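Letter by letter, the chains look like this.
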Amino acid sequence: MEDQVGLVQSVVSKGVGEVEKIIFGQRECVISAYVALLSGGHLLLEGVPGLGKTLLAKSIAQTVDCAFGRVQFTPDLMPLDIIGSSILQENRFVFHSGPIFTDLLLADEINRAPSKTQSALLEAMQEGTVTADGVTHQLSDYFTVIATQNPIDQEGTYPLPESEIDRFMMKVVIDFPSEEDELRVMSTHHSRTSALTKDDIQPVIDRTELTNLRNLVMDVSISEDVMTYANSLVRATRQHISVMHGASPRAGISLLKACKASAAIDGRAFITPDDVKRWSLPVLRHRLVLKPGAELSGTSSDDVIRNILATMSVPT
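Described in the following lines is the structure provided in the data block. Each chain carries its own residue numbering, running from 1 in the direction its sequence is written. Only residues with pLDDT of at least 70 are given local features in this predicted model, and only at 80 or more are side-chain atom pairs given and counted; all residues enter the totals for whole chains, interfaces and linings. Side-chain numbers come from the whole structure's heavy atoms, not from hydrogens or water.

### Remarks on the overall build of the chain
Short version of the rule: Runs of H or I in DSSP of at least four residues are treated as helices and runs of E of at least two as strands, each being numbered from the N terminus. For the radius of gyration, the atom set is restricted to C-alpha positions; the globular benchmark scales as 2.2 Å times the number of residues to the power 0.38. For every residue, the accessible area (1.4 Å probe, protein chains only) is compared with the maximum for its type, and the residue is labelled buried under 20%, exposed over 50%, or partly exposed between those bounds. Contact criterion: two residues are considered in contact whenever any of their non-hydrogen atoms come within 4.5 Å of each other. Accessible surface area values rest on a Shrake-Rupley calculation with a 1.4 Å probe, where residue burial reflects the displayed protein chains alone.
A tally of regular secondary structure across the chain gives 14 helices and 13 strands. For a compact globule of 316 residues, the expected C-alpha radius of gyration is about 20 Å, and the chain comes in at 20 Å, within 12% of that figure. If you line up the chain on its principal axes, its C-alpha atoms span 70 × 50 × 40 Å. Looking at the chain as a whole, 50% of its 316 residues are labelled buried. Partitioning the intrachain contacts of the chain with sequence separation of at least 6 by distance along the chain shows that 78% fall at a separation of at least 24. Total accessible area on the chain stands at roughly 15,200 Å², and carbon and sulfur atoms take up 50% of it.

### A few points about the packing of helix 10 (residues 224–236) against helix 12 (residues 273–284)
The condition is simple: Here, axes are lines fitted to C-alpha atoms. For helices the fit covers the stretch in contact, and angles between N-to-C directions go from 0 to 180 degrees. Just so you know how the angles are binned, under 35 degrees is roughly parallel, over 145 roughly antiparallel, 65 to 115 roughly perpendicular, and the rest oblique. Left-handed describes a crossing whose near helix is turned anticlockwise from the far helix by less than a right angle; the clockwise case is right-handed. Think of it as three bins: nonpolar holds Ala, Val, Leu, Ile, Met, Phe, Trp, Tyr, Cys and Pro, charged holds Asp, Glu, Lys and Arg, and polar takes everything else, Gly as well.
One way to put it is that helix 10 packs onto helix 12 with a least axis distance of 10 Å and a crossing angle of 30°. Here helix 10 lies roughly parallel to helix 12, going by the angle between them. Crossing hand, helix 10 versus helix 12: right-handed. Residue-level inspection shows V226, Y229, A230, L233 and V234 of helix 10 in contact with helix 12, the latter providing P273, V276, K277, S280 and L284. Per-class residue counts for the contact of helix 10 with helix 12 are 8 nonpolar, 1 polar and 1 charged.

### Re the environment of I82
Mapped onto the elements of the fold, I82 is located in helix 4 (residues 79–83). Classification of I82 as buried rests on a relative accessible area of 0%. Here I82 is in contact with V71, F73, L77, G98, P99, I100, T117, A120 and L121, once residues within four sequence places are set aside.

### Some thoughts on the nonpolar core
Threshold: Grouping buried Ala, Val, Leu, Ile, Met, Phe, Trp, Tyr and Cys residues that are joined through side-chain atoms within 4.5 Å yields what is termed a nonpolar core.
The biggest cluster of nonpolar side chains holds 72 residues, and the ones touching the most others in it are Y34, L38, L56, L255 and W279. In contact with W279, not counting residues within four places along its chain, are E28, I31, S32, V35, M170, L255, A258, C259 and S262. Counting residues in hydrophobic clusters, the runner-up holds 24 residues, among them I83, L139, V145 and A147.

### Considerations on the environment of D266
Mapped onto the elements, D266 comes out in the loop between helix 11 (249–265) and helix 12. Sequence separation between D266 and A113 is 153 residues, and the spatial gap between their C-alpha atoms is 38 Å.

### Focus on the pairing of strand 1 (residues 42–46)
Along any regular strand the residues' side chains alternate between the sheet's two faces. To keep things clear, this is the line we draw: Here a strand pair is declared whenever DSSP counts at least two bridges between the two strands.
Judged by how many residues are buried, strand 1 sits mostly within the fold: 5 of 5 residues are covered. Of the two faces of strand 1, the one lined by H42, L44 and E46 and the one lined by L43 and L45 are each fully buried. Pairing of strand 1 with strand 10 (residues 168–173) involves 5 bridges; the strand directions are parallel. Its bridge partner lying in strand 10, L45 is registered against V172. Both strand 1 and strand 9 (residues 144–149) contribute to a ladder of 4 bridges, which runs parallel. Bridge assignment links L44 to a residue of strand 9, and that residue is A147.

### As for the pairing of strand 7 (residues 129–132)
Relative to strand 8 (residues 135–138), strand 7 is paired through 4 bridges, and the arrangement is antiparallel. Directly across from V130, in strand 8, lies its bridge partner H137. The turn linking strand 7 back onto strand 8 is made up of 2 residues, and D133 within it adopts a positive phi angle of 55°.

### Overview of the packing of aromatic side chains
Convention followed: Classification of ring pairs rests on two measures: the distance between centres of Phe, Tyr or Trp rings, Trp counted by its six-membered ring, which must be within 6.5 Å, and the angle between planes, read as stacked under 30 degrees, edge-to-face over 60 and tilted in between. Only when the NZ of Lys or the CZ of Arg is both within 6 Å of the ring centre and within 35 degrees of the ring normal is a charge said to sit over the ring.
A complete count under the given rule lists 1 aromatic pair for this structure. Their ring planes at 70° and their centres at 5.9 Å tell us that F95 and F101 sit as a pair that is edge-to-face. When its relative accessible area of 22% is taken as the criterion, F95 is described as partly exposed. In this arrangement the basic side chain of R268 is found over the ring face of F270, its NZ or CZ atom lying 5.8 Å from the centre.

### Some details on helix 12
The condition is simple: Expected helix span is computed as 1.5 Å times (number of residues minus one).
Here helix 12 is 12 residues long and its end C-alpha atoms lie 16 Å apart, about the 16 Å a rise of 1.5 Å per residue gives. Summarising burial for helix 12: 9 of the 12 residues are buried, a large majority. Restricting attention to buried positions, one finds in helix 12 the residues P273, D275, V276, W279, S280, L281, P282, V283 and L284.

### Brief notes about unusual backbone geometry
One non-glycine residue, E109, lies in the positive phi region at around 55°. Within the secondary structure, E109 sits in the loop between strand 6 (104–108) and helix 5 (115–118). One non-glycine residue, D133, lies in positive phi territory at about 55°. Mapped onto the fold, D133 is located in the loop between strand 7 and strand 8.

As structure tokens, then:
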């Protein structure tokens, strides 16, 4: 098994190397994207405009030899613009599929569209199907959504429905780069010799290999103690004094999937309590609904999760 997870580590290392040709100082975000991809989960990237969220999503897609589609979410975007619609042709209605019928879908600035349009992704993200005019259509086995959003306090944004946001395996917050990385970005973009684009990124994973890597990730083992630790963390979010609605059982499933993928990327055939700690924030932060008083006092979901982790006993 160690040799098999070594394959996962090798492939992801190559992918990270390709992405970092043009994305600087965001390695944890890049790793998070591969964790979601290898777990069959959907990824939500949040950050202010100009931090490279869209470029990161495109770059990850470029390393995977799969079909890629993009939807630019706008206030006037309608659900049928994503799903597709039936058009009358030769006295019969023929379904014309929308951009959702792809392997990797970039939902760009997803929270600039109204809730009704955002919810068009619900069935697709959970069931891998789309229902239009009473007919259910099967999506690709590789269907994965990488969505970007601006912070919800930005003008022209709408909060995602709770039912939709729970479908995202992880929410990764992209922050400003370090001074060194930002200087490197500026230097690269203003150099004729070193400037690269996403088209310079080479694929390192094809569809067949992606299936194989996902199977290897599923084989990573979890001890009973670590599983209990992860479950206790999820359940503790429902009892915290600052939380109105805690994480669902789906969150616990996603947390363990992320830990498995992370362990395989690190070359391990088992997960540890440190894996649970590492992925608790991106997997749980978007699933907690805080009480109004907690929000007014400046408490965040990340604060709650860190507080719970600090009070829990860690298995040895």
